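Remarks on the overall topology
Given next are the chains, with one letter for each unit.
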Amino acid sequence: MSNYSTDDNTAEAVSPAPLTRAEKRQARRIRRFDNPWLNPKLMWGGGLLLAIIALGIIGRLIWDLDLVFTGSSTLKLPPVGFENLRGQPGVWANPLGTDGGGRDMLALIIIGAPNTLFVGLLASLIGMSIGIFLGFSAGFLGGRTDDVIRVGADVMITIPPLLILVVFQSAFGDVTLTMMALLIAGFVWQSPTRLIRAQVLSMKQSGYVQMAQLSGASTTHIMFREMLPNLVPYLFGSFIASVTTSIVTAVGLEVLGLGPQRIPTLGRTIYEAINAGALIQNLWWWWGIPTLLLAVMFIGLLLINLGLDEVSNPRLRKLS
Amino acid sequence: MLDNDIRTDKPVLTLKDLSIEFPTPKGVVQAVSALSLDIHKGRRVGFIGESGSGKTTTALSVMQMLAEPGRVSGGTIDLGGTDILGLSEEEMRRARLSRVAYIPQGAMNSLNPVMRVEPQMWDGIIAHEGHMDRAELKRRSDAALQSVGLPLHTGALYPHELSGGMKQRVCIAMGIILNPELIIADEPTSALDVVTQRQVMQTLKAIQSEIGSGLMLIGHDMGLMAQTVDELAVLKDGELVEHGTVQQILEAPKHPYTRDLISSVPLVGGESFLNPDARAEAPRRDSSEPLLRFENVRKNYGAVTALQPLSFTLQGDTPQIISIVGQSGSGKSTMGSIMLGFNPPSEGRVLFEGQDVAGMNAAQSLEFRKNVQAVFQDPYACFNPFYRVNHALKFPFRQFGLSKGEEHTQSAMEEACEAVGLDPDLVLTRYPHQLSGGQRQRLIVARALMLSPKLLIADEPVSMVDASLRASILSNIYDLKDKYGISILYITHDLATAYHVSDFVMVLFKGHVVEAGPPREVIGAPQHPYTQLLIDSIPWPDLQRSWGDGKTDWDPTALEAEAAKASAVYRGDVPGFDLALG
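The structure displayed is predicted, hence computed values, not measured ones.

**Topic: the overall build of chain A**
- Regarding its fold elements, chain A presents 12 helices and zero strands.
- Shown N-terminal to C-terminal, the secondary structure of chain A runs as helices and strands in the order α-α-α-α-α-α-α-α-α-α-α-α.
- When contacts within chain A are restricted to residue pairs at least 6 apart in sequence, long-range pairs at least 24 apart make up 71% of them.
- For chain A, the accessible area works out to roughly 15700 Å², and carbon and sulfur atoms hold 67% of it.

**Examining the sheet that holds strand E6 (residues 100–103) of chain B**
All names here are of chain B.
- On the basis of which strands lie adjacent, the open sheet formed by six strands has the order E6-E7-E8-E3-E9-E10 and mixed pairing. Of all the strands in the sheet, just E6 and strand E10 (239–245) have a single pairing partner and so form its edges. Between one strand and the next, the sheet's axes are offset by a mean angle of 15°, whatever the strand orientation.
- Sheet topology places E6 next to strand E7 (residues 182–186); four bridges connect them, and they run parallel. Bridge pairing in E7 links Ala 101 to Ile 183.
- Contacting strand E3 (44–48), E6, E7 and strand E8 (214–219), helix H7 (residues 194–211) runs over the sheet at an angle of about 155° to E8.
- Sheet strands touched by helix H10 (residues 256–263): E3, strand E9 (231–236) and E10. Its angle to E9, the strand with the most contacts, is close to 110°.

**Structural notes on the side chain of Glu242(B)**
All names here are of chain B.
- For Glu 242, the location among the structural elements is in strand E10.
- Among buried charged residues, Glu 242 stands out as having no salt bridge; its nearest opposite-charge side chain is Lys 254, 4.8 Å away.
- At 2.7 Å, the side chain of Glu 242 forms a polar contact with the side chain of Thr 258.

**Points about the interface of chain A and chain B**
- Of the residues lining the interface, 21 residues belong to chain A; the matching set on chain B comes to 28 residues.
- Of the roughly 2000 Å² buried where chain A meets chain B, counting both sides, 61% is carbon and sulfur surface.
- Taken together, chain A and chain B are joined by nine residue pairs in polar contact (both at pLDDT 80 or more).
- Of all elements in the fold, only helix H2 (21–34), helix H9 (207–214) and helix H10 (219–255) of chain A reach the threshold of two or more residues within the side of chain A that touches chain B.
- Take the side of chain A that touches chain B: its biggest share by element is seven residues, from H9(A).
- Here the side of chain A that touches chain B is composed, by residue class, of nine nonpolar, nine polar and three charged.

**A short note on the environment of Gly42(B)**
Residues and elements named next belong to chain B.
- Secondary-structure assignment places Gly 42 in the loop between strand E2 (27–39) and E3.
- C-alpha separation for the pair Gly 42 and Leu 178, spaced 136 residues apart in sequence, amounts to 16 Å.
- If we skip the residues at most four places from it in the chain, Gly 42 touches Gln 208, Gly 212, Ser 213, Gly 214 and Asp 230.

**Thoughts on helix H5 (residues 134–147) of chain B**
All names here are of chain B.
- In a regular helix each residue adds 1.5 Å, so 14 residues correspond to 20 Å; H5 covers 20 Å between its end C-alpha atoms and thus fits that length.
- Turning to H5, its buried residues number three or more, namely Leu 137, Arg 140, Ser 141, Asp 142, Ala 144, Leu 145 and Ser 147.
- Here the buried face of H5 lies against helix H4 (117–129), helix H6 (164–176) and H7.

**Considering the nonpolar core**
- Grouped together as the largest cluster of nonpolar side chains are 97 residues, with contacts concentrated most on Leu292(B), Phe294(B), Phe312(B), Met335(B), Leu443(B) and Met506(B).
- It is helix H16 (residues 437–451) of chain B that provides the largest number of residues to this core, a total of eight residues.
- When sequence neighbours within four positions are dropped, the list of residues in contact with Phe312(B) reads Leu292(B), Arg293(B), Phe294(B), Met335(B), Met339(B), Met506(B), Phe577(B), Asp578(B) and Leu579(B).
- In this structure, Ile52(A), Ala113(A), Leu235(A) and Ile247(A) belong to the second largest nonpolar core, which totals 50 residues.

**Some details on the sheet that holds strand E14 (residues 347–352) of chain B**
Residues and elements named next belong to chain B.
- Read from one edge to the other, the open sheet built from five strands follows the order E15-E14-E11-E12-E22, with strand pairing classed as antiparallel. In the strand order of this sheet, the two ends are held by strand E15 (355–356) and strand E22 (577–580), each with one partner.
- Pairing between strand E11 (residues 292–301) and E14: five bridges, direction antiparallel. Bridged to Leu 292 within E14 is Phe 352.
- Sitting on the sheet, helix H11 (residues 332–339) is in contact with E11, strand E12 (304–314) and E14, with an inclination near 125° to E11.

**What to know about the pairing of E3(B)**
All names here are of chain B.
- Among the five residues in E3, five count as buried, and that is most of the element.
- Burial of E3 is two-sided: the residues Arg 44, Gly 46 and Ile 48 facing one way and the residues Val 45 and Phe 47 facing the other way are all buried.
- Here five bridges tie E3 to E8, and the two strands are oriented parallel to one another. Across the sheet, Ile 48 pairs through a bridge with Gly 219, a residue of E8.
- Across four bridges, the pairing between E3 and E9 is parallel. Bridging from a neighbouring strand, Gly 46 pairs with Leu 232 of E9.

**Some thoughts on the packing of aromatic side chains**
- Under the criterion given, the structure shown has 10 aromatic pairs over all chains.
- Plain terms: the ring middles of Phe168(A) and Phe172(A) are 6.4 Å apart, the flat faces sit at 15° to each other, and that makes the pair stacked. Linking Phe168(A) with Phe172(A), this pair stays in helix H6 (residues 161–172), spanning four residues, or about one helical turn.
- Owing to a relative accessible area of 37%, Phe168(A) belongs among the partly exposed residues under this scheme.
- One aromatic cluster is present, formed by Phe294(B), Phe312(B), Phe504(B) and Phe577(B) through successive ring pairs.
- We note Lys236(B) situated over the ring of Tyr257(B); from NZ or CZ to the ring centre the distance is 5.1 Å.

**Notes on the confidence of the model for chain B**
Residues and elements named next belong to chain B.
- When pLDDT is averaged across chain B, the result is 85; 93% of the residues are at 70 or more.
- At the level of individual helices and strands, chain B shows its lowest average pLDDT in helix H3 (residues 107–110), which scores 74, and its highest in E3, which scores 93.
- The complex model carries a pTM of 0.76, and its ipTM stands at 0.74.

**Concerning the side chain of Asn84(A)**
- Relative to the elements of secondary structure, Asn84(A) occurs in the loop between helix H3 (40–62) and helix H4 (105–141).
- At 2.7 Å, the side chain of Asn84(A) forms a polar contact with the backbone oxygen of Lys76(A).

**Some remarks on a nonpolar patch on the surface**
- Taken together, Leu50(A), Ile53(A), Ile57(A), Ile58(A), Leu61(A) and Ile62(A) make up a surface patch of nonpolar side chains, about 650 Å² in accessible area.
- Here Leu61(A) is to be found in helix H3.

**What to know about H11(B)**
- The buried fraction of H11(B) is high, at seven of eight residues.
- Trailing H11(B) by a residue or two, Gly341(B) shows a phi angle of about 80°, which is positive.

**Description of the packing of H7(B) against helix H20 (residues 529–537) of chain B**
Residues and elements named next belong to chain B.
- Contact pair H7 / H20: the axes reach a minimum separation of 8 Å and the direction vectors enclose 50°. One way to sum up the angle between H7 and H20 is to call them oblique. Considering the relative orientation of H7 and H20, their crossing is left-handed. For the pair H7 and H20, the contacting residues are Val 194, Val 195 and Arg 198 in the first and Leu 533, Leu 534, Asp 536 and Ser 537 in the second.
- For the contact of H7 with H20, the residue count by class is four nonpolar, one polar and two charged.

**A closer look at the environment of Leu18(B)**
- One can find Leu18(B) in strand E1 (residues 13–24).
- Through-space distance from the C-alpha of Leu18(B) to that of Leu232(B) is 18 Å; in sequence the pair is 214 residues apart.

**Details of a negative patch on the surface**
- Together, Glu415(B), Glu418(B), Asp423(B) and Asp425(B) make up a region of like negative charge exposed at the surface.
- With respect to the helices and strands, the residue Glu418(B) is situated in helix H14 (residues 406–419).

**As for the pairing of E1(B)**
All names here are of chain B.
- Among the 12 residues that make up E1, nine are buried, leaving the element largely enclosed by the rest of the structure.
- The pairing of E1 with E2 spans nine bridges and is antiparallel. Within E2, the residue paired with Ile 20 across the bridge is Val 32.
- In the sheet, E1 pairs with strand E4 (residues 71–79) via seven bridges, with the strands oriented antiparallel. Bridge pairing links Thr 14 to Asp 78 in E4.

The rules behind each value
Residues numbered from 1 in each chain as written. Chains lettered and ligands numbered in written order. Predicted model: local features only at pLDDT ≥ 70, side-chain atom pairs only at ≥ 80, totals over all residues. Heavy atoms only, no water. Helix = DSSP H or I, 4+ residues; strand = E, 2+ residues; numbered from the N terminus. Contact = heavy atoms within 4.5 Å. Areas by Shrake-Rupley, 256 points an atom, 1.4 Å probe, with all protein chains shown as cover. Pairing = 2+ DSSP bridges. Axes fitted to C-alpha atoms, helices over the stretch in contact; angles between N-to-C directions. Buried < 20%, exposed > 50% of the residue type's maximum accessible area, 1.4 Å probe, protein only. Lys, Arg positive; Asp, Glu negative; His and termini not counted. Salt bridge = Lys/Arg side-chain N within 4 Å of Asp/Glu carboxyl O. Polar contact = N/O pair within 3.5 Å; in protein donor to acceptor, adjacent residues only side chain to side chain. Buried area = accessible area lost by both parts, 1.4 Å probe. Nonpolar A, V, L, I, M, F, W, Y, C, P; charged D, E, K, R; others polar. Expected span 1.5 Å × (residues − 1). Core = buried A, V, L, I, M, F, W, Y, C linked by side-chain atoms within 4.5 Å. Phe/Tyr/Trp six-rings, centres within 6.5 Å; stacked < 30°, edge-to-face > 60°. Lys NZ or Arg CZ within 6 Å of the ring centre and 35° of its normal. pLDDT = per-residue confidence, 0-100. Patch = residues over 30% accessible without salt bridge, like charges linked within 9 Å, V, L, I, M, F, W, Y side chains within 5 Å. Parallel < 35°, antiparallel > 145°, perpendicular 65-115°, else oblique. Left-handed = near helix turned anticlockwise from the far one by under 90°. Charge placed at Lys NZ, Arg CZ, Asp CG, Glu CD.

Encoded structure:
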């Protein structure tokens, strides 16, 4: 991974003496160190997520999405180049095979993967907004407000979200993606709240906030102009972490057969595969492809998180 | 260059052409270049220089504990015949503590908070000499604690139960427990106040001469060095600019930088580093009320009283500097934050021009903020890292409605920067981390100047700034009074600077004012035992005015107990400032 940059020649041209291999690598590392956003982890993570979004957009343009309906193709066809247990070979009309209902796998993931990502992003966007609001209020106002918010967040953090959501969702029956995101958002605001509260508490004591107070700054100015910009790296990190949590929760519900009933999502596809005995019938592509996509998504998010850590915390960046 | 008196055998430490570099994105930084120095057995060698001069880096290279990505790029380090740079990690581990001990800067952070003191001392013995029975370990840790003058029961306590000075002495005890050949002490007293500093330094000196090891003392305080070491090495930008005995260096410094360092230490009774200007007119005041008035102000933190009831009136018709001196925990910073309205008093009232600071409405509050400004201790924290430094100057200027447009703001900023000796083109558009502590503190002074408040509260404005810059920043602050007519409350632990800058001095001890009056009397000829204790603890850069070597004849605890019994001494008044004792 560290060798992807290819400007060995420029390094040699700049320096009069020919550099050794180790020195060239050092020079490259230093260049990367100079601009934290050129972080390989961040770029790979972002690339993986963009690839999934691109799959959704380009897929919609070039693939026939009607294939997502039940019975639109032959049942249980394998991906191209494989044979199923009946000896049927994969066909190019359904390059990733079809499921037990005759739905095209490619069409399923073109619609399903962005849906899963959407639920995760929306849920954590709402969760983060609540978290920023409550965290700032608790940290800044202190006193009774702080007590209520802190105890509330602490109590909520101990409640296993899946348990409550299962009850909710079974009561609601069919839900839309947005509804599901809202429900999940109710369980991802606690940790950003605690994180921001802690940061605000320590920042409140800092010299520059005191200076701003001396300068006659209003509370809103101190919150949003002095404190918030310095919180951005934390907010980013916390956002990515809560996207991961939201997706895990959403997929967990879908695999249990809850969540949206009519809209394809990766979790729902896995649920149907398990329900139809795909494991016994060796229909590995049915559950395997959505699982693989989820794995790619999580690895992408993890890499972004690690990359952001290095951007915001220079001590993690290493030269050697 | 050195006198040849005690030259017994091989030196314990020989640095030869030592160079240390740090590769960074901007190129290789030469932290130390071609440094050669010997430390002999039983000798104390001081390394003095500003932050960034390479003193700590040199010490860490002897321990082979350089922070990444630093590396020794040339030269040799010889520790009593062993080539340090040739040792493997395991061999080096065995050499640390047993042959070379390191006493770190912040003792508060180097002790494990969840372990009692004794087991932490045993760890070092066990790591080097293997397991031994408990009684033997106990005997040795007791001996070490005794040698640094701590009672034996200290061993059974947790670090948070000890005071800063005691923790630092525990660190010294740990350092000497294996009788090392060389002790490296990296600013061991920088976090302590003067009284504790004297006690800790005397302990260190006594124990070092007892075990006869070499001592490498790192510091930036010329006075402390004069009181402690035999030889002095002056470092500047990684180079050894001067090396000799303390006497040679203090009496006949050769290098101009050394002369600067020596002259930057203000002396009580010595020549003033200020050049008083023509008295400025006080800012025209609309109110006939006194500028600042304390009415029986008292502050409690839980059961602890940080500030005993205190009343004073600062008239403010002629600009004055009132100094408040005391050790940490004396209540002086509490007083500062009460004046700024950050910290409401538990009892009593603070009146600014007749207005109670606690009960102001929004408009009055803005007016109060405009008129009462502050310079804080830590210039590193005072700037928001997200903005360029001019944000800190521009924002209040606009906020208080002083600005008549963008160009006016810009010219006011430039003018203020020039007044404190900064080049506006160079500093104003930088980010805070690109400026040194001294530059930042000057900018804060420039900020105060731009706003031209009626009252400035300067809370230890120079304690975190390099010694050579202190005098010039203080004279910047002094100019605020002299040229711009701002009254100043100067909060400090440094009696020597208070002596020079102030018109009136209050000495605080455990929340009480114990002595007050004009500085020439209070600091020049102290009468209260506590003030005397403070004066005696100052490390003078003067070999005639020695602390003395004995550690038994000087017991600060007993002296403080005595001071607590003595009643306050009031040494006369200055017009415009009234202090009511009681």
